[in-house]
Amino acid sequence: MSDDYLRKPFSLAPPPTVDEPQPTATTNYTPATSTFSSAPVSPYLNYDSRFLQQAQPEFIFPEGANKQRGRFELAFSQIGTSVMIGGGIGGLAGVYNGIKVTNALNQTGKLRRTQLINHVMKQGSGTANTLGTLAVLYSACGVLLQYVRDQDDNVNTIIAGSATGLLYKSTAGLRKCALGGAIGLGISSLYCLYLLAQESNNTNSSPKFL
């Protein structure tokens with residue numbers, strides 16, 4: 001037994017033949033994970049989650065059900081949001097008017113504080129009631145149109161907006177009633193144009209009508 005044989009590491013594999021090319025240090029190996037995406041691999045499963053193609057929808061909807069909330073479901077949040085926004089806007093306007101009035105009357109101390117609170121409460125509640133009433137009328141018209149026409153589209157939005165303006169100013173005379181309807185028609189038309197622009201930008205997502 002020679003000394004060269006003792007220096008070689010022990011291996012059960014047969015010695016390579018002369019014809020087989022020996023690997024060199026410059027051989028480039030392509031990692032197996034280079035052909036896959038960089039999605040994380042779950043350590044709790046015995047398979048690679050990158051092989052799963054998530055082409056199906058994330059949520060399962062009943063057969064015949066809409067994939068978005070209807071006007072009746074959105075009505076409650078719309079009314080509440082309108083009331084809160086109206087209260088905030090009216091409160092800020094009340095603070096401004098209260099400071100303006102108290103400065104003009106040279107009021108100070110408790111009298112000025114009381115006047116500021118009165119202005120905030122009066123104007124805040126009035127604006128909140130106005131926006132809340134408009135939201136109730138618009139939601140009721142939208143829900144009724146969706147029930148009658150059995151579909152929800154831009155036509156319902158435009159008709160509901162116009163009817164809201166007409167009904168809100170119906171007791172103020174024919175001229176103001178027509179003006180309210182025109183304002184409602186304009187606002188709803190602008191909103192529908194915005195929805196159409198969003199739909200053209202995002203073709204994969206369905207528009208949400210309010």
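Treat the numbers as computed from the prediction; the structure is a model and nothing was measured.

Caption draft 1: Looking closely at the environment of Y191. Here Y191 is to be found in helix α5 (residues 174–201). By relative accessible area, which is 24% here, Y191 ends up partly exposed. In this structure, the C-alpha to C-alpha distance between Y191 and N154, residues 37 residues apart in sequence, is 9.1 Å.

Caption draft 2: Structural detail: unusual backbone geometry. Of note, N106 is a non-glycine position whose phi angle comes to about 55°, a positive value. Mapped onto the elements, N106 comes out in the loop between α2 (71–104) and α3 (109–149). Positive phi is not limited to glycine here, since D150 has a value of about 60°. Here D150 lies in the loop between α3 and α4 (154–168).

Caption draft 3: Examining a nonpolar patch on the surface more closely. Side chains of L144, Y147 and V148 sit close together on the surface and give an oily, nonpolar patch of about 400 Å² of accessible area. The residue L144 is located in helix α3 in this model. Residue classification places L144 among the exposed residues on the basis of a relative accessible area of 54%.

Caption draft 4: The pattern of salt bridges, seen in detail. The tally for this structure, following the rule as stated, stands at two salt bridges. For the salt bridge of R71 with D152, the shortest nitrogen-to-oxygen distance reads 2.7 Å. With R71 in helix α2 and D152 in the loop between α3 and α4, this pair connects stretches of sequence that are 81 residues apart. A relative accessible area of 21% means that D152 is categorised as partly exposed.

Caption draft 5: How the structure looks around the packing of aromatic side chains. In this structure the tally under the stated criterion is one aromatic pair. Centre to centre, the rings of F72 and F76 are 5.3 Å apart; their planes meet at 85°, and the pair counts as edge-to-face. Here F72 pairs with F76, and both are found in helix α2, just four residues apart, close to one helical turn.

Caption draft 6: Main features of the packing of α3 against α4. Two elements in contact, α3 and α4, have axes whose closest approach is 8 Å; the angle formed by their N-to-C orientations is 135°. By the angle class used here, α3 and α4 are oblique. As for how α3 packs across α4, the hand of that crossing is right-handed. Note on element contacts: α4 touches α3 through V155, N156, T157, I159, A160, G161, A163, T164, L167 and Y168, opposite T130, T133, L134, L137, Y138, C141, G142, L145, Q146 and R149. Its residues placed into classes, the contact of α3 with α4 shows 11 nonpolar, eight polar and one charged.

Caption draft 7: Examining α4 more closely. Look at α4: 21 Å from first C-alpha to last across 15 residues, which is about the 21 Å you get at 1.5 Å a residue. Along α4, the residues classified as buried are N154, N156, T157, A160, G161, S162, T164 and G165.

Conventions adopted
Residues numbered from 1 in each chain as written. Predicted model: local features only at pLDDT ≥ 70, side-chain atom pairs only at ≥ 80, totals over all residues. Heavy atoms only, no water. Helix = DSSP H or I, 4+ residues; strand = E, 2+ residues; numbered from the N terminus. Buried < 20%, exposed > 50% of the residue type's maximum accessible area, 1.4 Å probe, protein only. Patch = residues over 30% accessible without salt bridge, like charges linked within 9 Å, V, L, I, M, F, W, Y side chains within 5 Å. Areas by Shrake-Rupley, 256 points an atom, 1.4 Å probe, with all protein chains shown as cover. Salt bridge = Lys/Arg side-chain N within 4 Å of Asp/Glu carboxyl O. Phe/Tyr/Trp six-rings, centres within 6.5 Å; stacked < 30°, edge-to-face > 60°. Axes fitted to C-alpha atoms, helices over the stretch in contact; angles between N-to-C directions. Parallel < 35°, antiparallel > 145°, perpendicular 65-115°, else oblique. Left-handed = near helix turned anticlockwise from the far one by under 90°. Contact = heavy atoms within 4.5 Å. Nonpolar A, V, L, I, M, F, W, Y, C, P; charged D, E, K, R; others polar. Expected span 1.5 Å × (residues − 1).

Geometry only, nothing functional implied.
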